[in-house]
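Close look at the chain arrangement
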Amino acid sequence: MTAYIIRRLWQMLPTMLGVVLLVFFLFNWVGGDPAYVLAGKISNQEQIDNIRRQLGVDQPYWVQLWIFVKQIVTGDFGASWSTNERISSIIFTRLPPSLTVLIPLTVLDALIAIGLALAVAYVRGSLTDRAVMIVCTVGLSISILVYIIVFQYVFAYKLGWFPVQGWGDSFWENLFRYASLPILIGLAVGIAPSLRLYRTFVLDEINQDYVRTARAKGLSENRTMWVHVLRNASIPIITNIMASLPGLLIGAFLIERFFSIPGIGREVILAVERSDFPVIKAITVYVAAATMVFNLLADLMYKAVDPRVQLK
Amino acid sequence: MLAVATPAIAAPDMNKVVREVFPAAETGFDPAAVHDLYSGTLIQGIFETLYTYDYLARPSKVVPLAADGMPQITDNGRTWTVKLKKGIRFADDPVFGGKPRELTADDYVYSIKRLIDPRIRSPWAFLVEGKFVGLDEVAEQARKSGRFDYDRKVPGIEAVDRHTIRFRLKETDYNLPYILAHEPTSAVAREVIEKYGESDGRALANPVGTGPYRLAKWVRSSKILLEANPHYRGFTWNFASSDPADAALVREMKGKAMPQVGRVEISIIEEDQARLLAFQGDEVDLMNMEGPLAPKVLDGGTLKPEMKAKGVKLSRIVDPELSYTYWNMTDPVVGGLAKEKVALRRAMAMSYNVADEIRVIRNGQAIEARYPIPPGVVGHDPGWKGGIAYDPAGANALLDRFGYKRGADGWRTLPDGKPLVVRLSSRPDTLGRQQDELWKKSLDAIGVRMDVHKDKFPELIKAEKQCKLQMRVASWIADYPDGDNFMQLLYGPNTNQSNNACARIPEFDKLYARTQKMPPGPERDKLYQEMTRVIEAYAPWRLMISRYRNMLVQPRVLGYKRHPILHAHWQYLDVAPQGPNK
């Protein structure tokens with residue numbers, strides 16, 4: 001196991017190098033020269049050159065790339081070009097609001113989707129199954145933007161059940177007052193695709209011989225479904241959940257903007273709007289690293305839930 | 001009428017809260033370093049300039065703020081002496097060691113020098129560059145040595161004594177009071193900057209000023225809480241307005257000790273719907289109604305009945321801004337002063353229907369710009385009858401006359417028979433796309449083929465400054481409310497800086513140089529009219545629109561009137577005692 005983990009970690013290096021090169025060249029290619037924006041409305045070439053010098057974008061590409069690599073190794077990405085705020089401070093202050101929304105959302109989404117998937121798979125072909133699938137298909141066809149606009153208008157403004165927007169100082173106030181509607185929207189958007197996918201995984205298992213054997217042995221339906229079927233269907237479910245976890249680090253862009261949640265997703269959009277390369281590259285690198293780590297964790301979990309899986 | 005400074009009349013009521021919403025995030029609080037509107041607004045509330053604008057006077061009128069009276073002008077407008085009010089104190093901060101810190105002339109000298117310190121890379125360097133005797137030399141020295149010597153005496157910006165500043169200008173410039181009323185020249189304390197400044201000399205956090213408010217809480221890009229500065233000297237609300245519509249406002253505010261509002265809560269809400277719902281749900285008190293939202297709340301220029309029924313107030317002005325399309329005057333196809341080039345530009349300008357833009361793109365929330373100086377700015381001529389009118393038939397006739405013949409495919413060619421294709425550069429956003437479509441429709445109607453060139457904003461600005469774009473829609477909002485701020489946009493020597501048309505029109509340049517030595521007044525206005533005729537004759541621009549700014553105000557907020565230049569208005573407001581908006 002240890003050897004496997006070390007080997008996987010070692011294999012991450014070339015992947016990370018690819019990410020670094022991609023981010024670096026993409027930004028330099030499409031990002032635009034930030035000096036022209038930072039220089040203000042009236043500026044001359046001398047002032048623009050001065051800004052480029054201070055930002056280091058006047059250096060040859062290989063020098064800039066080397067600085068980028070050093071930043072990744074040391075974990076010090078410097079400060080935002082726009083606000084001078086340290087990148088580490090940006091990440092540590094913006095991540096908690098994003099996680100306050102996304103962790104409960106991910107947990108609830110998984111629990112509800114798995115529960116419903118088992119239920120509708122159990123009554124496969126019935127009116128209930130077909131009705132749920134139609135609702136899911138309709139739900140899938142609607143953009144998240146529509147959910148946000150409608151839910152915000154109806155539940156926050158018209159009915160007054162939630163604040164239209166905002167964020168407070170207390171964790172509990174944020175979780176139960178400000179994050180509730182965003183979580184509800186996230187569930188409305190996320191459950192439909194998860195449910196359809198998990199139902200398929202469960203259906204793949206439900207017709208297997210071991211299920212028939214379990215029933216023949218007289219196991220209860222609950223035990224058959226929740227223990228045997230779910231355990232065997234859990235590998236693709238784990239894959240799906242783990243693949244979504246890196247998304248926690250980049251937040252939910254639209255939800256954070258509409259509900260004025262000071263999260264990392266909103267910060268990413270702001271950084272793109274401001275051509276704030278240090279912020280963009282730091283977050284991109286962190287997300288890439290997190291994706292690889294979560295992939296490794298997913299592989300380890302396969303082994304935990306199914307001992308037949310061989311880690312090679 | 002001036003706001004009369006009085007010693008600590010009454011403490012602001014900390015229960016009186018005004019909640020405002022910004023549609024974009026702030027970047028920081030260093031007057032020399034930031035250049036976005038919202039940071040500038042906050043800076044106006046926390047720091048003080050020597051001068052400011054009368055809250056109700058229109059057109060905008062400069063009045064003293066930290067200065068004790070208007071400047072004394074000598075030496076034919078080249079020496080300006082400003083006295084400072086005595087006893088103004090900075091808000092408390094640990095950096096002052098628990099002692100009161102008085103605002104002095106040296107603070108302004110230091111703060112203005114910061115604008116040209118290369119290390120700070122201030123976007124406002126243009127306000128002082130080339131203006132003050134000896135300042136450029138210190139900046140040049142700093143570029144060589146890497147360190148700006150703030151202790152070196154600069155004859156052009158001098159603290160004569162603790163409360164007197166003398167400015168010596170290289171050339172006569174009657175715009176100095178506007179510059180001294182502009183928030184980048186706000187006073188900061190040197191010890192604060194040295195304590196909190198980053199390695200680049202900018203102190204974007206930890207603002208400590210002498211203004212009516214101080215920063216109490218800051219959740220970056222999300223929430224800002226300002227609290228009344230207990231050391232602020234206060235003033236009596238004693239403004240007068242020539243507008244009869246302001247009578248009720250004056251009545252409800254006159255004689256009050258200001259500031260009344262103890263706390264200001266600012267939320268950043270980027271999305272239009274969220275902003276509007278937050279206002280309608282009484283989560284915010286003041287909100288700027290951006291163009292796309294206007295039809296939901298406004299019937300033309302007035303509030304919809306349901307908003308009126310709630311008691312919501314609308315404060316509506318035309319922003320001191322100008323939107324125009326420019327043609328690059330150095331471009332071989334559309335540029336130059338030759339008659340056929342002028343005819344081509346005029347024809348293109350005549351093909352564009354500004355009324356369509358106002359109706360379709362701006363939702364009716366703009367007026368047609370006929371004069372290059374917009375309303376509310378000194379030098380604007382409301383009775384100007386000129387301008388290039390929408391006249392596609394006339395445009396076609398003009399092109400025919402100057403040899404731009406239509407080919408078999410319907411598109412016109414250049415007089416020498418070569419293909420005629422113009423290229424409009426724009427941003428890849430909704431507004432850019434809408435403007436592309438309107439220009440395409442306009443030029444199609446006169447047989448001029450148009451291509452669209454899309455690029456990112458920084459790249460467009462870069463190409464523009466290098467005179468590499470052919471035509472683009474640009475806009476300019478006043479840094480200060482004087483016509484000079486707009487007329488300089490076509491001054492030849494400003495090419496590669498603010499003159500995005502790269503125009504060098506000798507008649508215009510000569511007239512502009514003369515206006516620079518004149519104070520505002522009828523004589524200068526006459527020259528502005530002549531310059532406007534030159535612009536119309538050579539058509540480097542198609543003047544388009546100036547937008548309305550619609551501020552929605554909850555009924556509990558008293559005394560609000562949108563000022564065209566001042567953005568921080570909280571110190572002029574009160575909140576009705578009944579509290580809720582009923």
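Remember, predicted model here, so these are calculated numbers, not experimental data.

1. Focus: the overall build of chain B
Assigned secondary structure in chain B consists of 17 helices and 25 strands. For chain B, the spread of C-alpha atoms along the principal axes amounts to about 80 × 60 × 45 Å. Counting all 582 residues of chain B, 49% fall into the buried class. Expressed as a percentage of contacts within chain B between residues at least 6 apart in sequence, the contacts between residues at least 24 apart total 70%.

2. Looking at the interface of chain A and chain B
Residue-level contacts link 40 residues of chain A with 39 residues of chain B. Elements that contribute at least two residues to the side of chain A that touches chain B include exactly α2 (35–38), α3 (45–55), α7 (144–158), α13 (253–258) and α14 (264–273) of chain A. Residue composition of the side of chain A that touches chain B, grouped by class: 18 nonpolar, 16 polar and six charged.

3. A few points about the pairing of strand β8 (residues 164–168) of chain B
Residues and elements named next belong to chain B. When strand β6 (residues 79–83) meets β8, the two strands line up antiparallel, connected through five bridges. Each bridged residue has a counterpart across the sheet, and for Trp80 the counterpart in β8 is Phe167. Judged from the four bridges that link them, strand β7 (residues 157–161) and β8 form a sheet pairing that is antiparallel. Following the sheet pairing, Ala159 is matched in β8 by Ile165. Count of turn residues in the β7/β8 antiparallel hairpin: two residues.

4. Thoughts on the domain arrangement of chain A
Residue and element names in this part refer to chain A. Partitioning chain A into structural domains gives domain 1 (2–74) and domain 2 (95–305). Summarising the inter-unit geometry, the C-alpha centres of domain 1 and domain 2 are found 33 Å apart. Between domain 1 and domain 2, the contact holds 14 residues from the first and ten residues from the second. For the side of domain 1 that touches domain 2, the elements supplying multiple residues, two or more each, are α1 (2–30) and α4 (61–74). Considering each element in turn, the side of domain 1 that touches domain 2 owes the most residues, eight residues, to α1.

5. Focus: the nonpolar core
Among soluble globular proteins, nonpolar side chains are generally buried collectively. Ranked by size, the top nonpolar core spans 210 residues in total, and within it A:Ile255 and B:Ala347 carry the most contacts. It is strand β23 (residues 541–553) of chain B that contributes the most residues to this core, seven residues altogether. B:Ala347 has contacts with B:Ala395, B:Leu398, B:Leu399 and B:Ile446, leaving out every residue within four places of it along the chain. Membership of the second largest hydrophobic core comes to 20 residues, among which are A:Ala113, A:Phe201, A:Ala233 and A:Ile237.

About the criteria used
- Residues numbered from 1 in each chain as written.
- Chains lettered and ligands numbered in written order.
- Predicted model: local features only at pLDDT ≥ 70, side-chain atom pairs only at ≥ 80, totals over all residues.
- Helix = DSSP H or I, 4+ residues; strand = E, 2+ residues; numbered from the N terminus.
- Buried ≥ 20, exposed ≤ 12 C-beta atoms within 10 Å, placed from the backbone.
- Contact = placed C-beta atoms within 7 Å.
- Nonpolar A, V, L, I, M, F, W, Y, C, P; charged D, E, K, R; others polar.
- Pairing = 2+ DSSP bridges.
- Domains from an automatic or database assignment.
- Core = buried A, V, L, I, M, F, W, Y, C linked by C-beta atoms within 7 Å.

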